[in-house]
Each structure stands twice: as structure tokens, then as C-alpha cells.
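Overview (structure and organization)
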Amino acid sequence: MCVGCGSKRPQAELTRFVIGAGSAIVVDRKRLLPGRGAYLCGVGCMTAALKRKAFGRAFRGKAGLVDPSQLG
């Protein structure tokens, strides 16, 4: 499920994000990094997720800074 828009899609269609070093949120393109993941379906959803503070909820308050340019 996309944390930005809330739409349910197959996991292969979503981009996975995880918490990396220094509490920064990073893209997990190969889906191999350990830990809890948050998923987005597109760039517009990144904006919505940041506005709704969805990453903080998805990562249970442990999320640090998000770089929106990483999705591209």
C-alpha cells in the first residue's frame, strides 16, 4: 500500500524506502535492505507522503530526513 495516496497495488509496482545510516530514508531499489519498509507509487505520492508526515508513522517515529530527489 502506498503511504502517499493510500492506493493498494502489487508490491512490484511500488518503490520501497527503508531507514539507512543516520536515520536517513533511502530508496531500496533491489528490496534487499533490512528493516521495515514504506512504499510509494510515484513522485506525486512522495509530495503527499511528506505533507501528511506518513514516513514518520510508517517507520514508527524513527524516520529522519527525506530527500525527495531520490525517487526519480
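It should be noted that the structure appears before, not after, this text.
Here we summarise the structure given alongside this text.

**Notes on the pairing of strand β1 (residues 15–19)**
- As paired strands, β1 and strand β3 (residues 38–40) are joined by 3 bridges and run antiparallel to one another. What sits directly across from R16, in β3, is Y39.
- The pairing of β1 with strand β2 (residues 25–27) spans 3 bridges and is antiparallel. In the strand pairing of β2, I19 is matched with I25.
- What sits between β1 and β2 in their antiparallel hairpin is a turn of 5 residues, with G22 showing a positive phi close to 70°.

**Examining the sheet that holds β2**
- Pairing within the open sheet is antiparallel, and its 3 strands lie in the order β2-β1-β3. The sheet is open, and its two borders are formed by β2 and β3, each paired with just one other strand. This sheet shows a mean twist of 35° between the axes of neighbouring strands, independent of strand direction.

**Here's the deal with the packing of aromatic side chains**
- On inspection of all chains with the given rule, the structure shows 2 aromatic pairs.
- When the centroid spacing of 5.7 Å and the interplanar angle of 65° are considered together, the rings of F17 and F55 count as edge-to-face. Taken together, the residues F17 in strand β1 and F55 in helix α2 (residues 54–58) connect sequence positions 38 residues apart.
- Judged by its relative accessible area of 3%, F55 falls in the buried class.
- Geometrically, the ring pair formed by F55 and F59 is stacked, given 6.3 Å between the ring centres and 10° between the ring planes. The same class applies to F55 and to F59, which are both buried.
- In textbook terms, an aromatic cluster arises when at least three aromatic residues are bridged by ring pairs, as seen for F17, F55 and F59.

Procedures and definitions
Residues numbered from 1 in each chain as written. Predicted model: local features only at pLDDT ≥ 70, side-chain atom pairs only at ≥ 80, totals over all residues. Heavy atoms only, no water. Pairing = 2+ DSSP bridges. Helix = DSSP H or I, 4+ residues; strand = E, 2+ residues; numbered from the N terminus. Axes fitted to C-alpha atoms, helices over the stretch in contact; angles between N-to-C directions. Phe/Tyr/Trp six-rings, centres within 6.5 Å; stacked < 30°, edge-to-face > 60°. Buried < 20%, exposed > 50% of the residue type's maximum accessible area, 1.4 Å probe, protein only.

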